[in-house]
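Single-letter residue listing:
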Amino acid sequence: MIKTVDLTKVFRTEEVETTALNQVSFEIKEGEFVAIMGPSGCGKSTLLNILGLLDNPSGGEYHFIDNEVSNYSEKQRANLRKRNIGFVFQNFNLIDELSVFENVELPLIYLGYSASERRKRVEEVLEQMGIMHRKNHFPLQLSGGQQQRVAVCRAVVARPHIILADEPTGNLDSTHGDEVMNLLEELNKNGTTIIMVTHSQRDASYAQRIIRLFDGQIVTEDKSTEFVLTSAAH
Amino acid sequence: MFVHFLKTTLRKFRRQPLFAVINLFGLATAMAVCFMIVLYVHSEHGFDRFHEQSDNIFRLSMHMDIQGDLRSEAVTSHAVGPDLLEHFPEVTGMTRVAGWNTPVNIWQDGRYVTSSQSMYAESSFFDVFSFKLLRGNPQTALTEPFSVVITKDFAAELFPGENAMGKMIRLDNRQETYMITGIAENCPSNSHLQFNLLRSYPTLREISSANFYEWDANINAFTYVVLANDADMDVLQQKTDALTHEKLNYKYEGMGVHIRLQYFPVKDIRLHSPFNHDMIETGTAGKVWVFSVIALFVLFVAGFNYVNLTIARSGKRAKEVGVRAVLGAGKDLLKKQFYFESIFMTAAGFLASLILVEMLLPFFNQVMQTDLNMFGAPWWLIALLAVIFTGLFGFLAGIYPSWYMSRFQPVKILKGEFWQMPGRFQPRNMLLLIQFVVSLALIVSTIVVFLQIRYFSRMDLGFDDKNLVVVLADNHENAQLFRHRMSEYPLFSEFTLTTSFPGGSLYVEGIESEDISPGIMAQRIWVDQQFLQTMDVRLDTGRFFVADAGPETEYVLINRAFERKAGWADAIGKNIGREGRTYRIIGVTDDFHMQSLHNEVEPMVIGVLGSRRQYAQLPVWVMIRFDETSSAEVLSILQEEWIRLFPDKTFNYYFISELISDLYVDDHSFGRLFLAFTLLAILIALLGVLGLSAFMARQRQKEISIRKVLGAGSGSLVFMMSAEILKWLMIAAVIALPLAWFYMEKWLAGFAYSISFPFWTMGASLLALLLIALLIVTFQSMHTIRKNPAEVLSSE
């Protein structure tokens, strides 16, 4: 489903050149749940942005569902993105002026669904996630856990193949964090591929595989359970 | 999608109502001002264009060179028009108009209605001009003597509820009766001819001794000609010059007198006519130009401020834009959303401006002496303005965020990076500078104008203008009779007879004396013995008249101005003369102002009304001082007694204080106009400050938070935020204050009596603007400064 070959990203300012990703190659199969880990500044977010089609690499290949997309224009990427990828962010990124219903509805508007179809789909997913009773509230009226739940609803409402989650529990306490992780696990069981950037060992334990980055390079790729066991042994 | 856009836009409005309202108000005010100016310019350009032949109608003007003294008049003698029509094939039509400056009274049952818009018009009047005749035959309505055409409204006033056609009326209570032979549509306000009563031209031949045959007699008719489409103006002018020589100039050869006739397009009269004595204000092109520049300036500056504020606020939307982009809104769609919001807001501003126009137009009309009406404008003009205002501002306010979209990376924004504004944006600062310069200069000028006006109204005129009324009497005998009758009323305390009065017309002659050469141009006035007392004028030296006959008629008094001009230390006993007659000076009065304070007091010679009738051609007025009471009461007594005494004579009166204040009408409207523009300029400049400080607060939010974390207090932060704006205000002061000083000195120099330039206005204006600007910046930046730095920095 996703394959990178020697993926490289270099940021240039007038005087400094920073290599954020250095020849990163890996593959993720359909239906996998993968966590990307590593210390701050290791290139996690850069990688996620490229995987999420928000940014182009400076070099290497990126195959996204059978397309080589590394040189796609913003317009082409946007088109692929809105059909195939759902995003979940650490700080939720809900639009304050829009109600819960309207926030979740947004991707469907951009995909050009009819109003009745949108209503059906949004209500379905709100029901599923158990926040139907909040549909007319605004984000600022909700708790953090509820907001992230709405964000997850928004990520899945268009039924994407892949969900990219960037520190999804970073702003939540452990109870709410677990709730969100359970939701993601549930989605994965139903066939959605999930790629998650995280600092949290606990969250990573939900994944089937962990890609560890350090200074822009992959240092290990291992099964999370093994990792948990080995780290527990230390 | 449209519904979604609309919903988002309205929610935004609701979230920041104060900001939205202020911003919209500024925009709407600017639009309203431009709207009114467009209405004004459109109306000024539309004058006299409703005539079908408006491109071909010309008015003759006479340009006289009398021994180097150049004069131009828009009038000719009565004989010119028919001669041109007869001699030149290019002239295909001609009509004349006369007597427009004399009001007439229409008498009915012992009462009368005054028409101050009456004139004599030739029968071809309705051929040449396209004034509509509602009843009557336009060809014949004005052919017979003693026929009149009146307008619809005037007919309704004279004969309410009746058909006025064919009715007989008497004018000025003379013996002749006139028949109403036509009812005309009311005169459009955009016509340089204004009438509600037209008398036929043959009437003039019957009741006046005017000369209709010579080119240099009775130069008091407007002559209009219709020229053929293919008329060559150069050729026509040459032919006209030749005919003028043949008819007139040959008589004056060798006397240094030369007269030239010229053709002035009727449709240019309102804007470009340099001539006096028109029924409406003319030569407004300069005003129109100034107003057009102001409109463009206001539009430009207010537009810029609006765009500035909108963009500054759009930084708040970084996250929203990022989220939308990630969720699949393409750039085009995001651009569309920005344009939609911005056009929606400007459209709302336009609607608000319509309400403002409706509210402000009466004020504008009063100041500009116009008759503008929003719904009087053609629909396409309003539609055009709507498109320009909404489209232009909407587009401009949307263009920057949209442009920004094209280079934006959703990644950064989602990570909380701020919407980066370009750091140094010079035009923005330049614009603020210009706004400050204009506001400061206008504030200083307005204060000076009002101080000068106040100085006028408090200045000692040399007489007491309160509670003074004059009534026109035909001659000395009638005047005495009227005075006698009025003296029975205890309400009236003083009486005098005079040939001139302050604010009225003056009679000027060259006065000679053995020891002054070449003589002094002086106002001449004849009065009776009570003049000084009634007017409350002080006597400087000598004595006043004690009788109105005998040796007194050989004496005169002069004023101090005459004495100064002549250079006499003691004028008493000196002889002055005019055309062989000599008078001995028996006294000198203090100066008193017969004219506006724009002019210095001129030399004056005062003679006594009496048996010697040097003043025979001048009308005599009865001047009456009344006790403190309502002018309406005074007027009703005067009018009643007048009609009882002289039922066949027109009652003509003036209150002196009203005449005096009329002298300053232009100054007052100038002052009000200045005030209006000043308020506008300040409003716009303050919105500019608001926009700039909002922008800066956003731009420097991170810096402020860091400084706060490091221990900066609110005071020092406010100062830091204000410094930039204060810097521009100070630079503006350096430019604006000398400029205002220079122009106001020049303006004050146009008055014979003026205040000296009050320098304190500079400091006061600067201080006022400074305080308001500081207040706005503080208010604006406090919001940013109060923010929790932890919050700001964590999202950086």
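See the structure shown above.
Residues numbered from 1 in each chain as written. Chains lettered and ligands numbered in written order. Predicted model: local features only at pLDDT ≥ 70, side-chain atom pairs only at ≥ 80, totals over all residues. Heavy atoms only, no water.

(A) Representation of the packing of aromatic side chains. Considering all chains together, one arrives at 43 aromatic pairs over all chains under this definition. The interplanar angle of 5° and the centroid separation of 5.9 Å between the aromatic rings of F87(A) and F89(A) together place this pair among those described as stacked. Comparing F87(A) with F89(A) shows no difference in burial state: the two are buried. With a centroid separation of 6.4 Å and 45° between ring planes, the pair formed by W741(B) and F757(B) is classed as tilted. You can see W741(B) sitting in helix α22 (residues 714-749) and its partner F757(B) sitting in the loop between α22 and α23 (760-786), a full 16 residues away along the chain. With a relative accessible area of 5%, F757(B) lands in the buried category. An aromatic cluster is present here, built from F50(B), W100(B), F125(B), F126(B), F129(B), F131(B), F195(B), F222(B) and Y224(B) joined pairwise through their rings. For K167(B), the ring lying beneath its charged end belongs to F159(B), and the centroid distance is 5.4 Å. Cation over ring: R270(B) sits above F47(B), and NZ or CZ is 4.3 Å from the ring centre. (Phe/Tyr/Trp six-rings, centres within 6.5 Å; stacked < 30°, edge-to-face > 60°. Buried < 20%, exposed > 50% of the residue type's maximum accessible area, 1.4 Å probe, protein only. Helix = DSSP H or I, 4+ residues; strand = E, 2+ residues; numbered from the N terminus. Lys NZ or Arg CZ within 6 Å of the ring centre and 35° of its normal.)

(B) The arrangement of the interface of chain A and chain B in detail. Taken together, the contacts link 26 residues of chain A with 25 residues of chain B. Interface area, chain A with chain B, both sides summed: about 2,400 Å², of which 60% is carbon and sulfur. Applying the counting rule to chain A against chain B returns 1 salt bridge. In this structure, K7(B) and E102(A) form a salt bridge, with 3.2 Å as the shortest nitrogen-oxygen distance. Counting across the interface, chain A meets chain B through 2 residue pairs in polar contact (both at pLDDT 80 or more). Sorting elements by how many residues they give to the side of chain A that touches chain B places helix α3 (residues 100-111) of chain A first, with 5 residues. (Contact = heavy atoms within 4.5 Å. Buried area = accessible area lost by both parts, 1.4 Å probe. Salt bridge = Lys/Arg side-chain N within 4 Å of Asp/Glu carboxyl O. Polar contact = N/O pair within 3.5 Å; in protein donor to acceptor, adjacent residues only side chain to side chain.)

(C) Highlighting α22(B). With 36 residues, α22(B) should reach 52 Å at 1.5 Å per residue; the first-to-last C-alpha distance of 50 Å fits that figure. For α22(B), the principal kink sits at A723(B) and spans about 35°. (Expected span 1.5 Å × (residues − 1). Bend = angle between axes of the 7 residues up to and from the residue.)

(D) Structural context of the pairing of strand β2 (residues 17-28) of chain A. All names here are of chain A. The pairing of strand β1 (residues 2-12) with β2 spans 8 bridges and is antiparallel. Within β2, the position partnered with I2 by the bridge is I28. Between β1 and β2, which pair antiparallel and follow one another directly, the connecting turn spans 4 residues. (Pairing = 2+ DSSP bridges.)

(E) Expanded view of the packing of helix α1 (residues 2-15) of chain B against helix α11 (residues 331-368) of chain B. Residues and elements named next belong to chain B. Relative to each other, α1 and α11 sit at 55°, their axes nearing to 10 Å. Between α1 and α11, the interaxial angle falls into the category oblique. α1 and α11 meet at a crossing whose hand is right-handed. Residues F2, F5, L6, T8, T9, L10, K12 and F13 of α1 pack against L333, K336, Q337, F340, E341, F344 and M345 of α11. (Axes fitted to C-alpha atoms, helices over the stretch in contact; angles between N-to-C directions. Parallel < 35°, antiparallel > 145°, perpendicular 65-115°, else oblique. Left-handed = near helix turned anticlockwise from the far one by under 90°.)

(F) Fine view of unusual backbone geometry. Residue and element names in this part refer to chain A. In this structure, D6 takes a positive phi of about 50° despite not being glycine. Note that D6 resides in strand β1. Looking at D6, the relative accessible area reads 38%, which means it is partly exposed. The phi dihedral of Q23 falls on the positive side, at around 50°, and the residue is not glycine. You can call Q23 exposed: its relative accessible area is 52%.

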